[in-house]
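Summary of the model geometry
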Amino acid sequence: MQNTIDLFRRLFSELLEDEKKNTVAQHIPSEKLYETLDLSLKETPLSEEEFEKVLKELVFTTTRTATTGFFNQLFGGRNEKAILGDLLAVILNNSMYTYKAAGPQIGVEKVILKETCRIIGWDENSDGTFAPGGSMTNFMSMLMARDVVNEKIKNEGGQKNLRVYTSKESHYSTPKNAAFSGIGRDNVQYVPSNDIGEMDMHHLKRMIEEDVVKGFIPTLVNLTAGTTVLGAFDPIPEASNICKEHNIWLHVDGAYCGSVFLSAKHKHLLKGIELVDSFSYNAHKMLGTPLSCSVIVVKDKKHLHDSFSNDASYLYQTDHDEFNLGKTSLQCGRRNDALKFWTLWKSVGTKGLEKIVDHQFYLADVARDYIRSNSDYRLYSFDESISVCFNYKNIPARDICTLLFEHSEMLVGYGSYNDQEFIRFVTINAQNDKGDILNFFKVIEQFVEDHKDLFTSHSIEA
Ligand SMILES: *Cc1c(COP(=O)(O)O)cnc(C)c1O
């Protein structure tokens, strides 16, 4: 084992050293992957030296998500306290279904859930769980909503007339989960958004009322806290009134920006969160833990039990259900995603988490200020969002993003709203500072300057 630990330390230190010089790994086109790297599996073992060489090559050519060259998705950075927790979770290798199998780690998970519920303003009756990603916590909310409307579906199967409402700007997991849950993709109603990307409540109300007249059963309203492209927040109090009137489950998908509940300055974006039935957030997005770390909390824990408990005498043999978390989880065997969040939270305190969140908004302000003060840029997104959407010199966003990637310069993505395509720059890596943000723009400007011909020809092609 000691050799393996030494090998890990070598690989990790060498990677850290190399990342200082090369923020982006050398791009390997997918069609050249297998000829560039030897990934093949053989009958015979490798020598220790060969094994290390192959591993190093793989590690060095893998997409770098912790550097100042990665702005492609809604995660990034490398928080060492959280990493420590995740490494320990791998070494300890517990399964979170029972107290017998996970011991004190059950308490680690439970205190995170309790503290989340307490901060958002819920009482002892609330609870939650961890699932492997925001798509899955959204799935859990849909299943609970479905089972509230008709508890027989769990045993007898589908019912055709349930309806789910989500905004046009919401994450694609809602239609996917509608397929999984038997509600059906066709029963997802997409509510239009207003000009700053928030769900339009007049439309929501109207769509629900029309569905009721037609004999549909409104089952779930899925709001988003931080839409995937613009980072907009749907209004909770208005939606809550509509849902109360029609007895509809209200979920807030805070996978991207739900962690603002930890910030005194920005929690107003989640105003009314205490009114909802369930709320999910990804600590692996705003809080910077390793993937994946997704939390769902429900105001009334009864629903978690109703939808997710299943008797299994071979599993639940000791201890009270309060400590057998398999009774309220989506999976059976479940990795310990709580520990990395706990090591982070324990070490920096709630104040430290707040700082992480606030810093991302500060970095977004830096980016917006830069864009606004430079006439080569055009800004499309709005204040109080950590997604900064813009175009540079009217160059098609997808051209810049693709060429930056192919030249191993920078990883950043593009998105669109109201038929306008733009670069989406996400300031989610709280380890960056003002200089890193300004450098991002410098890289783009220099790249465009150095590849002028490429851009004109490329743009015309597109
Ligand atoms: C990222 C995201 C999801 C999906 O979360 P995963 O952990 O990637 O499954 C869902 N909803 C929103 C708004 C997101 O940003």
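Residues numbered from 1 in each chain as written. Predicted model: local features only at pLDDT ≥ 70, side-chain atom pairs only at ≥ 80, totals over all residues. Heavy atoms only, no water.

Moving on, we come to the overall build of the chain. When helices and strands are tallied, the chain shows 16 helices and 12 strands. In summary, the chain has a C-alpha radius of gyration of 24 Å against a globular reference of 23 Å for 462 residues, a match within 12%. Scored against the burial criterion, the 462 residues of the chain give a buried share of 51%. Within the chain, counting contacts between residues at least 6 apart in sequence, those at least 24 apart form 71% of the total. (Helix = DSSP H or I, 4+ residues; strand = E, 2+ residues; numbered from the N terminus. Rg over C-alpha atoms; globule rule 2.2 N^0.38 Å. Buried < 20%, exposed > 50% of the residue type's maximum accessible area, 1.4 Å probe, protein only. Contact = heavy atoms within 4.5 Å.)

The next subject is the environment of His 27. Inspection of the secondary structure puts His 27 in the loop between α1 (2–21) and α2 (33–36). Sequence spacing of His 27 and Val 357 is 330 residues, and the spatial spacing of their C-alpha atoms is 31 Å. In this structure, His 27 is in contact with Phe 405, Glu 406 and Ser 408, ignoring residues within four places of it in sequence.

Our focus in this paragraph is the domain arrangement of the chain. Domain assignment breaks the chain into domain 1 (2–60), domain 2 (94–337) and domain 3 (345–461). For domain 2 versus domain 3, the separation of C-alpha centres amounts to 30 Å. Contacts between the two partners involve 29 residues from domain 2 and, on the opposite side, 23 residues from domain 3. Buried surface at the junction of domain 2 and domain 3, both sides included, amounts to about 2,100 Å², of which 64% is carbon and sulfur. Of all residues in domain 2, Val 229, Leu 230 and Met 286 bury the most surface against domain 3, accounting for 30% of the area lost on that side. The interface formed by domain 2 and domain 3 includes zero salt bridges. (Domains from an automatic or database assignment. Buried area = accessible area lost by both parts, 1.4 Å probe. Salt bridge = Lys/Arg side-chain N within 4 Å of Asp/Glu carboxyl O.)

The next subject is the site of the ligand. With respect to spatial proximity, 15 residues lie near the ligand, and among them Gly 134, Ser 135, Asp 253, Asn 282 and Lys 285 are the closest. The backbone of Gly 134 places a nitrogen or oxygen atom 2.6 Å from an oxygen atom of the ligand. Side-chain polar atom of Asn 282 to an oxygen atom of the ligand: 3.0 Å apart, as the coordinates give it. Coverage of the ligand by the protein amounts to 85% of the 380 Å² it exposes when considered alone. The cavity that encloses the ligand is the second largest pocket. Here the shell around the ligand gets three residues from one element, more than from any other, and that element is helix α7 (residues 134–149). In the shell around the ligand, the residues fall into three nonpolar, 10 polar and two charged. (Near = heavy atom within 4 Å. Polar contact = N/O pair within 3.5 Å; in protein donor to acceptor, adjacent residues only side chain to side chain. Areas by Shrake-Rupley, 256 points an atom, 1.4 Å probe, with all protein chains shown as cover. 1 Å grid on protein atoms, 1.4 Å probe; cavity = no way out; pocket = protein on both sides within 12 Å on 5 of 7 lines; lining within 4 Å. Sits in = over half its atoms within 2 Å of the grid points. Nonpolar A, V, L, I, M, F, W, Y, C, P; charged D, E, K, R; others polar.)

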